[in-house]
Amino acid sequence: MDSIDRTASQHERRAATWLVTGVAVSLATGLTLGFGFDIHDTPAPLLAWVGSWGAAWHLYHGARLKGQRAWLYGGLAVLGPVPALMVHMWLRRT
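My aim in this report is to walk through the structure given alongside it, one point at a time. What you see is a predicted model, and the numbers here were worked out from it, not measured in a lab. (Residues numbered from 1 in each chain as written. Predicted model: local features only at pLDDT ≥ 70, side-chain atom pairs only at ≥ 80, totals over all residues. Heavy atoms only, no water.)

**Section: the packing of aromatic side chains**
On inspection of all chains with the given rule, the structure shows two aromatic pairs. Aromatic side chains Trp49 and Trp53 sit 4.9 Å apart centroid to centroid with 75 degrees between the ring planes, which places their arrangement in the edge-to-face category. Taken together, the residues Trp49 and Trp53, both in helix 2 (residues 44-66) and four residues apart, mark about one turn of the helix. Owing to a relative accessible area of 35%, Trp49 belongs among the partly exposed residues under this scheme. Relative accessible area serves as the criterion here: at 41%, Trp53 is assigned to the partly exposed category. (Phe/Tyr/Trp six-rings, centres within 6.5 Å; stacked < 30°, edge-to-face > 60°. Helix = DSSP H or I, 4+ residues; strand = E, 2+ residues; numbered from the N terminus. Buried < 20%, exposed > 50% of the residue type's maximum accessible area, 1.4 Å probe, protein only.)

Here's what the structure looks like:
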């Protein structure tokens, strides 16, 4: 495995970390505010979406290192956690 593949793999792992962290933080925030403080209009979906931005950045760089369409993959991943997860799976297959 050469250094470019290793670096692309590191970007993919960091993207997965961003996704998991963003979803976990938004879930914990939503549950805490919803049940603990009886606030039902929480910013939890916004936190998950913002968390996918870091994943999109890493997926963009991982795609660029692999010679894929970086703007397409990064642009799709910015849309939210689910598209970012799909982009992550597409990049893992290539």
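**Looking at the nonpolar core**
Leu59, Ala63, Tyr73, Ala77, Ala84, Val87 and Leu91 are the most contacted members of the largest nonpolar core, which totals 13 residues. Mapped by element, the contributors of at least two residues to this core are helix 1 (3-36), helix 2, helix 3 (70-78) and helix 4 (81-93). Element by element, the count of residues in this core is highest for helix 2, at five residues. When residues no more than four places from it in sequence are discounted, the contact partners of Val87 are Leu59, Tyr73, Leu76 and Ala77. (Core = buried A, V, L, I, M, F, W, Y, C linked by side-chain atoms within 4.5 Å. Contact = heavy atoms within 4.5 Å.)

**Considering the environment of Ala70**
Topologically, Ala70 is positioned in helix 3. Classification of Ala70 as buried rests on a relative accessible area of 9%. C-alpha separation for the pair Ala70 and Leu59, spaced eleven residues apart in sequence, amounts to 7.8 Å. Ala70 has contacts with Tyr60, Ala63 and Arg64, leaving out every residue within four places of it along the chain.

**A few points about helix 1**
Structural remark: α-helix, 3.6 residues per turn; residues separated by three or four positions point the same way. Here helix 1 contains 34 residues, and its C-alpha end-to-end distance of 48 Å stays within 8% of the 50 Å for a straight helix at 1.5 Å per residue. Check the buried side of helix 1 and you find it contacts helix 2 and helix 4. (Expected span 1.5 Å × (residues − 1).)

**Quick word on the environment of Glu12**
In this structure, Glu12 sits in helix 1. On the basis of relative accessibility, which here comes to 3%, the residue Glu12 falls in the buried class. Apart from residues lying up to four places away in sequence, Glu12 is in contact with Lys66, His88, Leu91 and Arg92. A polar contact of 2.9 Å, which involves the side chain of Glu12, links it to the side chain of Lys66. (Polar contact = N/O pair within 3.5 Å; in protein donor to acceptor, adjacent residues only side chain to side chain.)

**Digging into unusual backbone geometry**
What is expected of a backbone is that most residues other than glycine have negative phi and most peptide bonds are trans. Positive phi, normally seen in glycine, also occurs at Asp38, with a value near 60 degrees. Mapping Asp38 onto the fold places it in the loop between helix 1 and helix 2.

Function cannot be inferred from these measures alone, as they are strictly geometric.
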